[in-house]
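The residues making up each chain are set out below.
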Amino acid sequence: MKTSQYDVLIIGTGIAGLHTALNLPSSLRVLIVSKDYAWECNTFYAQGGIAVAVNHDDIALHIKDTLEAGAGHCNQEAVEVLCTEGPEVIQQLIKRGCMFDKDELGCILYTKEAAHSTNRIVHAGGDATGRVVHLFMMEQLRVPILYNTQVTDLLIENGRCYGARVFHADNVFNIYANKTVIASGGVGSLYEYHTNARTISADIQGICLNHSIALADMEMMQFHPTAFVLGNAVRKQLLSESLRGEGAKIVDEDGLRFVFDYDERGELAPRDIVSRAIFDYKDKTHKEVYLDLSAFSEDHFKQRFPSIYFNMQNIGYNIPQQRIPISPAFHYAMGGIHTDLFGKISQVEDLYAVGEAAHTGLHGANRLASNSLLEGLVFSKRVATDIIKTIDIKREIKEFPEVEDVLINENDKELKNELRNIMWCYAGILREEKNLNKAMNRVKEMLELPIGKLLKLRLLVSKEIIQSALNRKKSLGAHCMKEEISL
Ligand SMILES: Cc1cc2nc3c(=O)[nH]c(=O)nc-3n(C[C@H](O)[C@H](O)[C@H](O)COP(=O)(O)OP(=O)(O)OC[C@H]3O[C@@H](n4cnc5c(N)ncnc54)[C@H](O)[C@@H]3O)c2cc1C
């Protein structure tokens, strides 16, 4: 394959990557690369919806809820940007024709999720918000996507980025660009139990570490309380927060709603509290924990949560009548590649990060439910604005060698699974210093083994998560040190 040159290279076909592309003028030559099919991303699997202030007065309340969920660790300016600019991007999507769910009078329906003080979540296709919004954006897109193309390095020299090295159809080659946008999502596949798409494995975060680009808040990893983790699927079926917002109960095998023993808000407490409650309760009592959906009629459930309904029926659960066994699972990375409020990475010119891959400090120590799709929309628009303002399409091209790294080694799969287990057990929901040290030692050992580059990238990011967790001695938000848990 011949070397290629673009104005803008976007890594990732989730909401952040697609919306960046949609906000760039057609005069720019833009290429999007995606590791797999375009839809194999977290955006596609998003269920609940997008949080957005319902009117001007609600903006202040949305800011307050976001700051509170973030446990005092948020970058207030980033939160203000999100909540203030959010309504406009949603209006633009609606004007372009994106169909959010409406009532019979044609008014947008808003639902509520944990830790939101009001109903402000717009949704689409019932519980298929991500799928509907993703499909809508793909239909609007007028730029090419190169599928099955994995970025294996960034082309960086003297503090400037010139594009990326990719692996595609058994070839390694360089794609040159004046501006490169990382929209490659979070880190889900580092953990044994997670709800993320299979493509989300922290490659680019690892590449950034290799180039001494700072990641921030990497100890801040969010676990979703209600996933169906039985079965062999790598990506575990998420049971949306909206279920609890609309009446689902968490019960033990005797029907006891034990979450109230941990927090007076019960099932509607922030998701880290509910996750820890379930994890701890299971550990202490050895009882199974379920999501009880009996508050829903079957007709309503089928209409409001069609994806969950059909997915669970398909694997043999007669819902809403039958309770679903649940466990927490890794869900979302608050930490990421540190950027300013226009997605710029300070150490490297012409390189941006946006969406779940990025860290603006917006989510603080804990993300408020449904703020991440909005983040993808709001901050990608800002990235596009900055690109338009600063791009130099006549910039000098710099050639890089087309190095063929060994991407995968023979024993990598086994080590990768061991790593996932270590991260789940020792750097997961409840952490202890001794366990974090154990994890760190083993990760360092693995890094010394003859491994492929992709595993090395995973290990580097895992090491960063563990080190950040070790550095933060006290619990904060999603980072919970076991000895401090108060029940
Ligand atoms: C099951 C589930 C439900 C969720 N529900 C909600 C919700 O209701 N509301 C909400 O706000 N948030 C929700 N979230 C979170 C939200 O979906 C994500 O944070 C958001 O979609 C991230 O968007 P993104 O564009 O940053 O990344 P993604 O949508 O994850 O896209 C990442 C892209 O990068 C590509 N990529 C990765 N690595 C490479 C590489 N090395 N080379 C090339 N390409 C690469 C992937 O192939 C993919 O195309 C949910 C998440 C999950 C998993």
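Residues numbered from 1 in each chain as written. Predicted model: local features only at pLDDT ≥ 70, side-chain atom pairs only at ≥ 80, totals over all residues.

In this section: the overall build of the protein. Looking only at helices and strands, one finds 14 helices and 19 strands in the protein. In terms of C-alpha radius of gyration, the protein reaches 22 Å, essentially the compact-globule figure of 23 Å for 487 residues. Seen through its C-alpha atoms, the protein measures out along the principal axes to roughly 65 × 55 × 40 Å. The 487 residues of the protein split such that 54% are buried. Residue pairs at least 24 apart in sequence account for 74% of intrachain contacts in the protein once pairs closer than 6 positions are excluded. (Helix = DSSP H or I, 4+ residues; strand = E, 2+ residues; numbered from the N terminus. Rg over C-alpha atoms; globule rule 2.2 N^0.38 Å. Buried ≥ 20, exposed ≤ 12 C-beta atoms within 10 Å, placed from the backbone. Contact = placed C-beta atoms within 7 Å.)

Bringing unusual backbone geometry into the picture now. The residue after Ile-319, namely Pro-320, is reached through a cis peptide bond having omega 10°. Within the secondary structure, Pro-320 is located in the loop between helix H10 (306-314) and strand S15 (324-325). Phi at Asn-158 takes a positive value of approximately 45°, unusual for a residue other than glycine. Checked against the element boundaries, Asn-158 lands in the loop between strand S7 (149-157) and strand S8 (160-168). Assessed through the 7 C-beta atoms surrounding it within 10 Å, Asn-158 is described here as exposed.

Taken together, the 3 strands give an open sheet; going across it, the order is S12-S11-S16, and neighbouring strands pair in antiparallel fashion. The two strands at the open ends of the sheet, each matched to only one other strand, are strand S12 (237-238) and strand S16 (327-333). Here strand S11 (residues 221-228) runs beside S16; their pairing, made up of 5 bridges, is antiparallel. If you follow Gln-222 over to S16, its bridge partner there is Tyr-332. (Pairing = 2+ DSSP bridges.)

A few words on the site of the ligand. Near the ligand lie 46 residues; those nearest to it are Gly-12, Gly-14, Gly-48, Gly-185 and Gly-355. The set of elements that each furnish at least two residues to the shell around the ligand consists of helix H1 (15-22), helix H2 (42-45), helix H5 (129-140), S7, helix H6 (203-210) and helix H11 (371-390). When residues of the shell around the ligand are assigned to their parent elements, the largest contribution, 4 residues, is made by H11. Considered class by class, the residues forming the shell around the ligand number 17 nonpolar, 24 polar and 5 charged. (Near = placed C-beta within 6 Å. Nonpolar A, V, L, I, M, F, W, Y, C, P; charged D, E, K, R; others polar.)

Moving on to H10. Taken together, the buried positions of H10 are Ile-308, Tyr-309 and Met-312. When H10 is viewed along its axis, its buried side chains cluster within an angular range of 100° and face the same direction. Facing away from the buried side of H10 by over 90 degrees, the exposed positions are Phe-310 and Asn-314. The secondary structure elements touched by the buried residues of H10 are helix H9 (298-304) and S15. Positioned one or two residues after H10, Gly-316 has a phi angle of 100°, which is positive. (Arc of directions from axis to C-beta.)

Turning our eyes to something else, we now look at the sheet that holds strand S3 (residues 50-51). Here we have 3 strands laid out as an open sheet, ordered S3-S5-S4, and antiparallel in their pairing. Edge positions in the sheet fall to S3 and strand S4 (110-111), since each of these pairs with one other strand and no more. Here 2 bridges tie S4 to strand S5 (residues 121-122), and the two strands are oriented antiparallel to one another. Across the sheet, residue Tyr-110 finds its bridge partner in S5, namely Val-122.

Before going further, it helps to examine the domain arrangement of the protein. Its domain assignment divides the protein into domain 1 (228-329) and domain 2 (412-484). Every contact between the two is made by 5 residues of domain 1 and, on the other side, 5 residues of domain 2. With 4 residues, the single largest contributor to the side of domain 1 that touches domain 2 is helix H8 (residues 271-285). Among the residues making up the side of domain 1 that touches domain 2, the classes are represented as 2 nonpolar, 1 polar and 2 charged. (Domains from an automatic or database assignment.)

Looking at the element boundaries, Leu-28 is found in the loop between H1 and strand S2 (30-33). As a C-alpha pair, Leu-28 and Val-8 span 20 residues in sequence and 7.3 Å in three-dimensional space. Not counting chain neighbours up to four residues away, the residues in contact with Leu-28 comprise Asp-7 and Val-8.

Here we take up helix H14 (residues 453-471). For H14, which comprises 19 residues, the first-to-last C-alpha distance of 27 Å matches the rise-based estimate of 27 Å (1.5 Å per residue) to within 8%. Across the 19 residues that make up H14, a large majority, 14, are buried. (Expected span 1.5 Å × (residues − 1).)

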